[in-house]
Amino acid sequence: SQQGEEDPQALSIQEGENATMNCSYKTSINNLQWYRQNSGRGLVHLILIRSNEREKHSGRLRVTLDTSKKSSSLLITASRAADTASYFCATRMDSSYKLIFGSGTRLLVRP
Amino acid sequence: DTGVSQNPRHKITKRGQNVTFRCDPISEHNRLYWYRQTLGQGPEFLTYFQNEAQLEKSRLLSDRFSAERPKGSFSTLEIQRTEQGDSAMYLCASSFSGEGSPLHFGNGTRLTVT
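Residues numbered from 1 in each chain as written. Chains lettered and ligands numbered in written order. Predicted model: local features only at pLDDT ≥ 70, side-chain atom pairs only at ≥ 80, totals over all residues. Heavy atoms only, no water.

Visitor: Looking at this structure, I do not really get the overall build of chain A. What am I missing?
Guide: Along chain A, the regular secondary structure elements total zero helices and eleven strands. Listing the helices and strands of chain A from first to last along the sequence gives β-β-β-β-β-β-β-β-β-β-β. Each principal axis of the C-alpha atoms in chain A carries an extent, and together these give about 45 × 30 × 20 Å. Residues classed as buried in chain A amount to 49% of the 111 residues present. Of all intrachain contacts in chain A linking residues separated by at least 6 positions in sequence, the fraction that spans at least 24 positions is 55%. Summing over all exposed atoms, chain A offers an accessible surface of approximately 5200 Å²; the carbon and sulfur share of this is 47%. Separation between the mean location of the 15 positive side-chain charges and that of the 10 negative ones in chain A comes to 4 Å. (Helix = DSSP H or I, 4+ residues; strand = E, 2+ residues; numbered from the N terminus. Buried < 20%, exposed > 50% of the residue type's maximum accessible area, 1.4 Å probe, protein only. Contact = heavy atoms within 4.5 Å. Areas by Shrake-Rupley, 256 points an atom, 1.4 Å probe, with all protein chains shown as cover. Lys, Arg positive; Asp, Glu negative; His and termini not counted. Charge placed at Lys NZ, Arg CZ, Asp CG, Glu CD.)

Visitor: Would you mind showing me how to read the state of the cysteines here?
Guide: One way to say it: the disulfide is the covalent bond shared by the sulfur atoms of two cysteines. Residue and element names in this part refer to chain A. Using the criterion set out here, one finds two disulfides over all chains in the structure. Here Cys 23 connects covalently by a disulfide to Cys 89, the sulfurs 2.0 Å from one another. Since a negative S-S torsion denotes a left-handed disulfide, the Cys 23-Cys 89 link at about 65° is right-handed. Pair noted here: Cys 23 is in strand 3 (residues 19–24) and Cys 89 is in strand 9 (residues 85–92), with a separation of 66 residues, a long-range link. (Disulfide = S-S within 2.5 Å.)

Visitor: Is there a simple way to think about the pairing of strand 11 (residues 105–110) of chain A in this case?
Guide: Looking along a regular strand, one sees side chains alternate from face to face of the sheet. Residue and element names in this part refer to chain A. Side chains Thr 105, Leu 107 and Val 109 of strand 11 all project onto a buried face; the interleaved residues Arg 106, Leu 108 and Arg 110 project onto a face where none is buried. Where strand 2 (residues 10–14) lies against strand 11, five bridges are found, and the strand directions are parallel. Its bridge partner lying in strand 11, Ala 10 is registered against Arg 106. (Pairing = 2+ DSSP bridges.)

Visitor: How should the environment of Ser 58 of chain A be read in this particular structure?
Guide: In this structure, Ser 58 of chain A sits in strand 6 (residues 55–58). Linking Ser 58 of chain A and Ile 29 of chain A, residues 29 residues apart in sequence, is a C-alpha distance of 21 Å.

Visitor: Please explain the environment of Glu 17 of chain A as it appears in this structure.
Guide: Residue and element names in this part refer to chain A. Relative to the assigned elements, Glu 17 resides in the loop between strand 2 and strand 3. Taking relative accessible area as the criterion, Glu 17 reaches 40% and is therefore assigned partly exposed. The spatial distance from the C-alpha of Glu 17 to the C-alpha of Ser 79 is 5.6 Å, given a sequence separation of 62 residues. From its side chain, Glu 17 meets the backbone nitrogen of Gln 14 in a polar contact 2.9 Å long. (Polar contact = N/O pair within 3.5 Å; in protein donor to acceptor, adjacent residues only side chain to side chain.)

Visitor: Could you clarify how one ought to interpret the pattern of salt bridges in this entry?
Guide: Pairing between side chains of opposite charge can happen when the charged atoms of each approach one another. One pass over the full model with this rule turns up nine salt bridges over all chains. Residue Arg 36 of chain A is joined to Asp 83 of chain A by a salt bridge in which the shortest nitrogen-to-oxygen separation is 4.0 Å. Linking Arg 36 of chain A in strand 4 (residues 31–37) with Asp 83 of chain A in the loop between strand 8 (71–76) and strand 9, this pair joins segments that are 47 residues apart in sequence. Residue Asp 24 of chain B pairs with Arg 22 of chain B through a salt bridge whose shortest N-O separation is 2.8 Å. With a relative accessible area of 24%, Asp 24 of chain B lands in the partly exposed category. Assessed through its relative accessible area of 33%, Arg 22 of chain B is described here as partly exposed. Linked by salt bridges that have partners in common, Arg 36, Arg 60 and Asp 83 of chain A make up one network. (Salt bridge = Lys/Arg side-chain N within 4 Å of Asp/Glu carboxyl O.)

Visitor: What should I look at first to understand the pairing of strand 6 (residues 53–57) of chain B in this one?
Guide: Residue and element names in this part refer to chain B. Direction of pairing for strand 5 (residues 44–50) relative to strand 6: antiparallel, over a ladder of four bridges. Across the sheet, residue Thr 47 finds its bridge partner in strand 6, namely Lys 57. Where strand 5 hands over to strand 6, the hairpin turn is made up of two residues, of which Asn 51 adopts a positive phi near 55°.

Visitor: Teacher, can you tell me more about the environment of Tyr 35 of chain B here?
Guide: Within the secondary structure layout, Tyr 35 of chain B lies in strand 4 (residues 31–37). Tyr 35 of chain B gets classed as buried once you look at its relative accessible area, which sits at 0%. C-alpha separation for the pair Tyr 35 of chain B and Gly 85 of chain B, spaced 50 residues apart in sequence, amounts to 15 Å. Among all residues touching Tyr 35 of chain B, those that are not within four sequence positions of it are Lys 98, Leu 99 and Phe 101 of chain A together with Pro 43, Glu 44, Phe 45, Leu 46, Met 89, Tyr 90, Leu 91, Leu 103 and Phe 105 of chain B. Separated by 2.6 Å, the side chain of Tyr 35 of chain B and the backbone oxygen of Leu 99 of chain A make a polar contact.

So yeah, pure geometry; function would need other evidence.
Shown next, in the form of structure tokens:
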């Protein structure tokens, strides 16, 4: 079963705009990670945030984590057409080393 | 770092046949994971190895599925008596042991069962 659920399922924006994707999860976690997947390819790790962190930045990416609400958001600023992909959150619980992925947000950035 | 390699990239088989996929992880990584992904969904965890030991296995993994990592290097995933519902992308990933170590994915093997 999926631990995380992303919202929205699909997002279409103009190049240069910001894209925000949300992830909710069900159980206590050790860390939460975001991955990107281009069509027909494997997933690529973007950023990790630990359960004791609230916000993290990496280039044009900003991730927040609210453990009280069991939710995270991924913000991509100044989007580019090349950002078009599916984005997944993944959580790891303290009791396991497996990552459980959400259902993903499909982002389309129009040039 | 040559990345995670999966073979074959595509496999078409008839229902009832057995198939085997191979994954070559990044050589320094001691953890190896198998996931299954269907269209429009996120990857579903199947199993993972720490070196040659299979430490966790999903309830999704029926007795028709078996995975091995005999020498702690490459891994194989075998599906016996394939069914149409097995059609999916099978993804392999590897990582270091640390709790914050990200997964490095291969490009997957796409299985079509006719």
